[in-house]
Amino acid sequence: MSAFRLRDRVQAEDVMVLAAIARACGNFAEDEIAFVPEILAQLAAEGEAKSGYRLLVAEDDQGAAGFAIYGPIPATDHRYDLYWIATDPRAQGCGAGRLLLTESARRAAAEGATHLFIETETGKDYTPAHHLYEACGFPLIATVPDYYREGSGKAIYGGPLSGG
Ligand SMILES: CC(C)(COP(=O)(O)OP(=O)(O)OC[C@H]1O[C@@H](n2cnc3c(N)ncnc32)[C@H](O)[C@@H]1OP(=O)(O)O)[C@@H](O)C(=O)NCCC(=O)NCCS
């Protein structure tokens, strides 16, 4: 049984706490981390339907241990994107990532999503994330070389959701 509880309501402290988790991971640039408070502010102000964002936070006895942000991709037919997934280094390897990804996919499918995609970068050390996606049934489906910068491509994982 998982040691983590999930919540989907955004809380005031999330702006600081979830950005700190992203920063502690060590593989996101500051301009990427800056999107976390922006997204959370938009979600808090507009709600899920209007903002297009859904939040899941995995909590343990020490508070937030990880989070995922997902939602419908605008102008697509029931395609969803996993925009963010991160587990605090103190809690990595304990099942939070798997829980966040499988529950995001389950909830997306329950909303009517038929596909979930996850865009990531090839040139950085995202190996644990790539393993996680594959292990949860979201294989690598495309790469775009040099997408972000020379030597750093875009990798797209995902595909159809079974429970849609
Ligand atoms: C990717 C990440 C979210 C995984 O979170 P986690 O809570 O440690 O993951 P889990 O404990 O649930 O592990 C689930 C699966 O992920 C894979 N995995 C996790 N850490 C791994 C590692 N260090 N090396 C290889 N595979 C790993 C395994 O397949 C594992 O399955 P298993 O337990 O059956 O072997 C976490 O490593 C992280 O936050 N990384 C930094 C942020 C990041 O890169 N986010 C994605 C950006 S695209």
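Use the structure listed above.
Residues numbered from 1 in each chain as written. Predicted model: local features only at pLDDT ≥ 70, side-chain atom pairs only at ≥ 80, totals over all residues. Heavy atoms only, no water.

J.: I would appreciate a short explanation of the side chain of Arg-54 in the present structure.
T.: Take Arg-54: it is sitting in strand β2 (residues 54–60). Taking relative accessible area as the criterion, Arg-54 reaches 8% and is therefore assigned buried. In this structure the side chain of Arg-54 is engaged in a polar contact, spanning 2.9 Å, whose partner is the backbone oxygen of Glu-48. Residue contacts for Arg-54: discarding those within four places in its chain leaves Glu-48, Ala-49, Ala-68, Ile-69, Tyr-70, Gly-71, Pro-72, Tyr-80 and Glu-111. (Helix = DSSP H or I, 4+ residues; strand = E, 2+ residues; numbered from the N terminus. Buried < 20%, exposed > 50% of the residue type's maximum accessible area, 1.4 Å probe, protein only. Polar contact = N/O pair within 3.5 Å; in protein donor to acceptor, adjacent residues only side chain to side chain. Contact = heavy atoms within 4.5 Å.)

J.: What's the story with the nonpolar core in this structure? I'm lost.
T.: Grouped burial of nonpolar side chains is what soluble globular proteins tend to show. In terms of nonpolar packing, the biggest core is built from 46 residues, with Leu-18, Phe-67, Leu-101, Tyr-133 and Phe-138 touching the most fellow members. Not counting residues up to four positions away in its chain, the partners in contact with Leu-18 are Val-36, Leu-40, Leu-55, Val-57, Ala-64 and Phe-67. (Core = buried A, V, L, I, M, F, W, Y, C linked by side-chain atoms within 4.5 Å.)

J.: What's the story with the pattern of salt bridges in this structure? I'm lost.
T.: Here the idea is simple: oppositely charged side chains can pair when their charged atoms come close. As enumerated under the stated definition, the model contains 11 salt bridges in all. Of the charged contacts, one joins Arg-5 and Asp-61 as a salt bridge, the two residues approaching to 3.9 Å between their closest N and O atoms. Of this pair, Arg-5 sits in strand β1 (residues 5–7) while Asp-61 sits in the loop between β2 and β3 (63–72); the two residues are 56 residues apart in sequence, bridging distant segments of the chain. A salt bridge links Arg-7 to Asp-14; the nearest nitrogen and oxygen atoms lie 2.8 Å apart. Looking at Asp-14, the relative accessible area reads 1%, which means it is buried. Because the salt bridges share partners, they merge into one network encompassing Asp-8, Glu-103, Arg-106 and Arg-107. (Salt bridge = Lys/Arg side-chain N within 4 Å of Asp/Glu carboxyl O.)

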